[in-house]
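Chain and residue survey
Now for the letters of each chain:
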Amino acid sequence: MIYLKRPHLRLSIVAVLLCFSINSSFAQQERQAVIRGTVKDAGGKPVEAANVFVKDTQTGTQTNRNGDFTLHVSAGKLTLCVQYTGYVPFEQQLEIKPGERRQFRIRLEEKTTALDEVVVEAKSPVQRVKESSFNVVAIDAKSLQNTTLDLAHAMSRVSGVKIRESGGLGSDLHFSLNGFSGRHVKFFLDGVPMEGMGASFQINNIPVNLAERIEIYKGVVPVGFGGDAIGGAVNIVTNQRRRTFVDVSYSYGSFNTHRSSVNAGYTAKNGFMVELNAFQNYSDNSYRIDNAVKDLETGQINSDKVERIRRFHDTYHNETVILRAGVVNKPFADRLVISLNAGKTYKETQNGVRQDVVYGQKHNKGETLMPSLQYAKRNLFVEGLNVNLTANYNKNLTHNIDTATYEYNWRGESKYNNGKLGEQNYQDSEYENKNGNTTFTANYRIDEHHSFVLNDVLSSFDRNTRSTPSDASVTATDTMPKTSLKNVSGLSYRLNFDNRWNVSVFGKHYLQYSKGPKDVSADTGHPKYEIFSETFTAMGYGIAGTYFWKDLQGKLSYEKTYRLPTDNELFGNEELERGSTGLKAENSDNYNVNLSYSKDFDKTHFVYIDAGYILRNTKDYIRRVTDSYSGKYYASHINHGYVRNISLEGEIRYSYKNVVTAGVNATSQNIRDNEPETMGASASTTYRARIPNIPYFFASGDVEVVWRNFIRRSNHLSFGYNSNYVHEFPLYSERHGSSSKRVVPSQFSHDVSLTYTIANGRYNITAECKNLTDEKLYDNFSLQKPGRAFYAKIRYFLTIF
């Protein structure tokens, strides 16, 4: 337990090793070389903004308007790569001597076929990952950067992925992957866990412009990511290649929605780099909904009289700035960067977890400040040993305000509430979350057949709650500690027998210590809190393999895994989410089978077919529930015995040259209550019934048509269409009586877009219509989402050398 109680000692040891590695690497300073060149197309015209990089490194740049590039590389054997949308990737193996200056002239051939470049990549940047034994899909975020999508909605087009929102921009979001939602799926930013990064930096407010690609791991997650995912993982990969660029965009749309982003970076020839990422989101969220309205004089609601009304208290805005500075491509470090992430949020609360509960003044605001450090070095000490170390500390302050003395209805009418303080519960309090994270990864490639990965993730959480002197809602729980400490370590071995098959085996160790208030009273109306602490340890393991045969690839994997309760599940959010300190860790046996087929016909037509089967037997499944507490509605989390999840998914994609791409995917998930007895040892009435309030069938489709060289050369016009279907699903268990047969209805929505790019993407204009047919959309029971909406976006992108 010394390892747990003294994380500062462990960090000191890591710092000593880091200093030693930096000092020992200075001897390599004379091993630098320079590669210069020009990239042109088959007609001899320069190719601007082509990606030029050294394979399996972070060393890269882009060509300028004349097609020229310059790379500073380490001497030795390497593979030079050049990629540009619509052209066949270029690769050439080189052996560079120390101090050498090499010149190249590269010609790119135009592709005659390609898999959908807008939605999912199957090759190129993720080729090495795709050929691994893990079931992973990669979204090319670069090709989506002219849209108004955020990261969450960019992923919604992938089979098995379901995004559930409680409203408009900034609303609560739940991400589901093959039936596992919420915190069952872990999110990473360049391999670093995003847990605890604050409300201003979440997947539903981060613009897609920040990412280069998004990797979605279904089922078994590589050890290199660490963490405790039980239902899969998402890794957001930003562009860390060495370059100088400016990327600015702004969009405006319905409900007074404004979204903007600025991404700019500068890299000097000596390796010094500085980068700025800033984005902003604002919306009144003043869309119309259909709901019965309460008569404030009588206190009655006529449920038979539904009115078309506009939301009036749902404003949301956030601002985030990320500043990075450091050095790249140095003998002592491929990347040594410090960064500072600062953000603010403001969110009005229009309604509770049910739409019939209306608020008119309740709101919250927050601030986030997070410094971080990243160090990466290839071939440290020995050839083939690559290390990556990241550390960050996040201080997140949230202020919840509920001080109104008035009651509101959906017309915006108000009535003095007879001196009662607060619309839900009187609150004028702040809580401060402090999150720390250290991630260390070492990859050692012995030769082309054998490799090892070692990963360790240490994270800490501490919350302090303080209230204003006038806050009469202060309870005993506000003064009790709320802390947790997690450590997940993993080791994997990969055997790459030949180009036809490879297999990986791995093991993980999980450890969590948590301490916080727990209600020990049997009377829900009169809670009694005591400090509760618990330490949990477990071992997980698994195996994953893949086999290639002609145009087919098969994947098979098994994993015994654990998912540790998150901080919000344990301690709540001090507002509409109640904590559940006694939650147990989930554990699951996961089986995954995947078969894919890809075929190029006459270099004109391309077909891709993918099918997957997932079986998960989960014990102590953590499920989000809505309940009434002291006369108010709250959300909380419970352990739900045994749950079995059988998911089937399929996808078909087709492309014709670089002109038309189309695809359709569908997911069916059968999540059943497999617990035969209730907590009181009586027979369960929901045994083998479907878990309620979870979609069990959904599908999506998309089509894109591109007119290249439209009006003039290097200008392109594209039309996009996306559709989404969700079959109705019940709010309560299907075993309960007819009075409980409330359902979230079936929905079929359509989005269209038109984008015109000028000068190979330097200037971009996009117009979008979402929910074209103005369907009534619900992800959660009674919580209506926006209707038809229009948006326009302009974007300017320039690379400078």
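Before going into details, it helps to say that this report is about the structure given with it. On a predicted model such as this, the values are computed, not experimentally measured, just so you know.

**Describing the overall build of the protein**
Each helix and strand counted, the protein has five helices and 47 strands in total. Counting only residues that meet the buried cut, the protein has 56% of its 801 residues in that class. The contacts in the protein between residues at least 6 apart in sequence include a share of 66% that link residues at least 24 apart. For the protein, the accessible area works out to roughly 34,800 Å², and carbon and sulfur atoms hold 55% of it.

**Points about the packing of aromatic side chains**
Aromatic ring pairs are defined here through the distance separating the ring centres and the angle between the ring planes. The final tally for this structure, using the stated rule, is 18 aromatic pairs. Ring centres of Phe497 and Trp501 lie 5.0 Å apart, and the angle between their planes is 15°; on these two criteria the pair is classed as stacked. You can call Trp501 partly exposed: its relative accessible area is 28%. In textbook terms, an aromatic cluster arises when at least three aromatic residues are bridged by ring pairs, as seen for Phe188, Tyr217 and Phe225.

**What to know about empty space enclosed by the protein**
The tally for this structure, following the rule as stated, stands at eight cavities of 30 Å³ or more. What the largest cavity holds in volume is close to 310 Å³. Forming the walls of the largest cavity are 20 residues, and the residues nearest its centre are Leu189, Val192, Arg324, Ser339 and Ser372. Looking at the lining of the largest cavity residue by residue, the class counts come to nine nonpolar, eight polar and three charged. Along the wall of the second largest cavity there are 14 residues; nearest its centre are Thr148, Pro207, Ser251, Arg259 and Lys793. Mapped by element, the contributors of at least two residues to the lining of the second largest cavity are strand 16 (245-253), strand 17 (257-267) and strand 18 (272-283). Of the residues belonging to the lining of the second largest cavity, the class tally is three nonpolar, nine polar and two charged.

**Considerations on the nonpolar core**
Formed by 33 residues in total, the largest nonpolar core has its most connected members in Met155, Phe175, Phe201, Ile203, Ile216 and Val234. Only strand 8 (136-140), helix 4 (151-155), strand 9 (161-165), strand 10 (173-177), strand 12 (186-189), strand 14 (213-217) and strand 15 (233-237) provide two or more residues apiece to this core. The dominant element in this core, judged by the number of residues it contributes, is helix 4, at four residues. In this structure Val234 touches Met155, Phe175, Val185, Lys186, Phe187, Phe188, Ile214, Glu215 and Ile216, once residues within four positions along its chain are discounted. Grouped together as the second largest cluster of nonpolar side chains are 21 residues, Ala33, Leu80, Tyr87 and Leu94 included.

**A word on the sheet that holds strand 7 (residues 101-108)**
What the three strands build is an open sheet, ordered 4-1-7; its pairing is mixed. Every other strand in the sheet has two partners, leaving strand 4 (68-74) and strand 7 as the edge strands with one partner each. Recorded for the sheet is a direction-independent mean angle of 25° between the axes of neighbouring strands.

**Some words on the sheet that holds strand 12**
Sheet architecture is open: five strands sit in the order 8-14-15-12-13, paired in mixed fashion. If you trace the sheet from one side to the other, it starts and ends with strand 8 and strand 13 (192-193), each paired once.

**Here's the deal with the environment of Arg259**
By the secondary structure assignment, Arg259 is in strand 17. In contact with Arg259, not counting residues within four places along its chain, are Thr148, Asp150, Leu169, Asn204, Asn205, Ser249, Tyr250, Ser251, Gln280 and Asn281. Here the side chain of Arg259 touches Asn281 through a polar contact of 2.7 Å, side chain to side chain.

**Quick word on the environment of Tyr316**
As for its position among the elements, Tyr316 is in strand 21 (residues 316-330). Spatially, the C-alpha atom of Tyr316 lies 9.7 Å from that of Lys365, the residues being 49 residues apart in sequence. Excluding its chain neighbours within four sequence positions, the residues that come into contact with Tyr316 are Leu169, Gly170, Ala199, Asn205, Asn281, Tyr282, Ser283, Asn285, Thr345, Tyr346 and Lys347. A distance of 3.2 Å separates a polar atom in the side chain of Tyr316 from a polar atom in the side chain of Asn205.

Quick notes on the rules
Residues numbered from 1 in each chain as written. Predicted model: local features only at pLDDT ≥ 70, side-chain atom pairs only at ≥ 80, totals over all residues. Heavy atoms only, no water. Helix = DSSP H or I, 4+ residues; strand = E, 2+ residues; numbered from the N terminus. Buried < 20%, exposed > 50% of the residue type's maximum accessible area, 1.4 Å probe, protein only. Contact = heavy atoms within 4.5 Å. Areas by Shrake-Rupley, 256 points an atom, 1.4 Å probe, with all protein chains shown as cover. Phe/Tyr/Trp six-rings, centres within 6.5 Å; stacked < 30°, edge-to-face > 60°. 1 Å grid on protein atoms, 1.4 Å probe; cavity = no way out; pocket = protein on both sides within 12 Å on 5 of 7 lines; lining within 4 Å. Points joined across faces, edges and corners; volume = space filled by probe spheres on them. Nonpolar A, V, L, I, M, F, W, Y, C, P; charged D, E, K, R; others polar. Core = buried A, V, L, I, M, F, W, Y, C linked by side-chain atoms within 4.5 Å. Pairing = 2+ DSSP bridges. Axes fitted to C-alpha atoms, helices over the stretch in contact; angles between N-to-C directions. Polar contact = N/O pair within 3.5 Å; in protein donor to acceptor, adjacent residues only side chain to side chain.

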